[in-house]
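Coordinate inspection notes
The lines below spell out each chain.
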Amino acid sequence: MGKVIAIANQKGGVGKSTTAINMCASLAYRGLKVLLVDCDPQGNATTGMGVNKAKVKSVYDVMLRDVPAREAVCATRFGSVLASNADLAGANIELVNLPGREYVLMHKLSAIRNNYDYILIDCPPSLELLTLNALIAADSVLVPVQSEFYALEGLVDLMNTVRLTRQRFNPALKMEGLVLTMYDNRTKLSLDVESALRERFPELVYETTIPRNVRLSEAPSHGKPCLAYDSSSKGARAYLHLTNEFLKAQRKGRG
């Protein structure tokens, strides 16, 4: 059975979609079967994987129009994608009236879970029903943390949400780890944030950090993960290293 990992942080602009795209591509590069589920109505992960979100069935169709998940999955060179588009923006309102509204995504993914080694869910930048659906569907949570002071405050809120989700809905939910993103080791701020995170969460913070990198920022506009856009860039190499560290942790039973 494939492992489902929610990539979450209620703060926007911390690198969730970038992490989802590039980890998906890096896992696929390693020969693993990977599905990226884009649960963010902005659809950035969909675009970044080279999928035209206007021309495909989406997560919205799967969750609220009873389209089987297998019929909505798009194959790409970098892994498979369950796309998002603007329709998903209204999903939170529509889900409210559904029985078992918190478990919709979990039930929909259960039909295809065995087809993949890993399913990565790119969550929206808020703690809402779509994010709760992702956390309930997931086995673990991977949190990109931007290297700035306010990211630490937001992390506390997310940790509380994970704790409450575990208590009320998904007792098996675990923390996969914390990934420092937009990291610049030339600045005292990045070093201070890293030090604070490693001191507070010594078992959770990945050794690999993701640098600020122009190629990482450029790649989505070309519909490619950085690994395909410029494999020699610092950003692409960092995500390959992160993926190697992640897979090593899986073999040891972490997450």
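Okay, so let's go over this structure. (Residues numbered from 1 in each chain as written. Predicted model: local features only at pLDDT ≥ 70, side-chain atom pairs only at ≥ 80, totals over all residues. Heavy atoms only, no water.)

The subject of this paragraph is the packing of aromatic side chains. This model, assessed by the stated rule, comprises 2 aromatic pairs. Ring geometry for Tyr103 and Phe169: centres 6.2 Å apart, planes at 70°, overall edge-to-face. Placement of Tyr103 in the loop between helix H5 (91-96) and helix H6 (104-110) and of Phe169 in the loop between helix H8 (149-168) and strand E7 (174-181) is noted, with a sequence separation of 66 residues between them. Residue classification places Phe169 among the partly exposed positions, given a relative accessible area of 25%. Taking the centre distance of 5.3 Å and the plane angle of 65° together, the rings of Tyr118 and Phe246 count as edge-to-face. Of this pair, Tyr118 sits in strand E5 (residues 118-122) while Phe246 sits in helix H12 (residues 234-251); the two residues are 128 residues apart in sequence, bridging distant segments of the chain. (Phe/Tyr/Trp six-rings, centres within 6.5 Å; stacked < 30°, edge-to-face > 60°. Helix = DSSP H or I, 4+ residues; strand = E, 2+ residues; numbered from the N terminus. Buried < 20%, exposed > 50% of the residue type's maximum accessible area, 1.4 Å probe, protein only.)

Residues Val37, Leu109, Ile121, Leu178 and Leu197 are the most contacted members of the largest nonpolar core, which totals 50 residues. In terms of residue count, helix H7 (residues 129-137) provides more of this core than any other element does, 7 residues in total. Among all residues touching Leu197, those that are not within four sequence positions of it are Val145, Leu152, Leu155, Leu178, Leu180, Pro202 and Val205. One finds Val34, Val51, Ala83 and Tyr206 within the second-largest nonpolar core, a separate group that totals 32 residues. (Core = buried A, V, L, I, M, F, W, Y, C linked by side-chain atoms within 4.5 Å. Contact = heavy atoms within 4.5 Å.)

Our next topic: the environment of Ala54. When you line up the elements, Ala54 lands in the loop between helix H2 (44-48) and helix H3 (59-64). According to the relative accessible area criterion, Ala54 is exposed, its value standing at 71%. Measuring from C-alpha to C-alpha, the distance between Ala54 and Ala249 comes to 37 Å, with 195 residues separating the pair along the chain.

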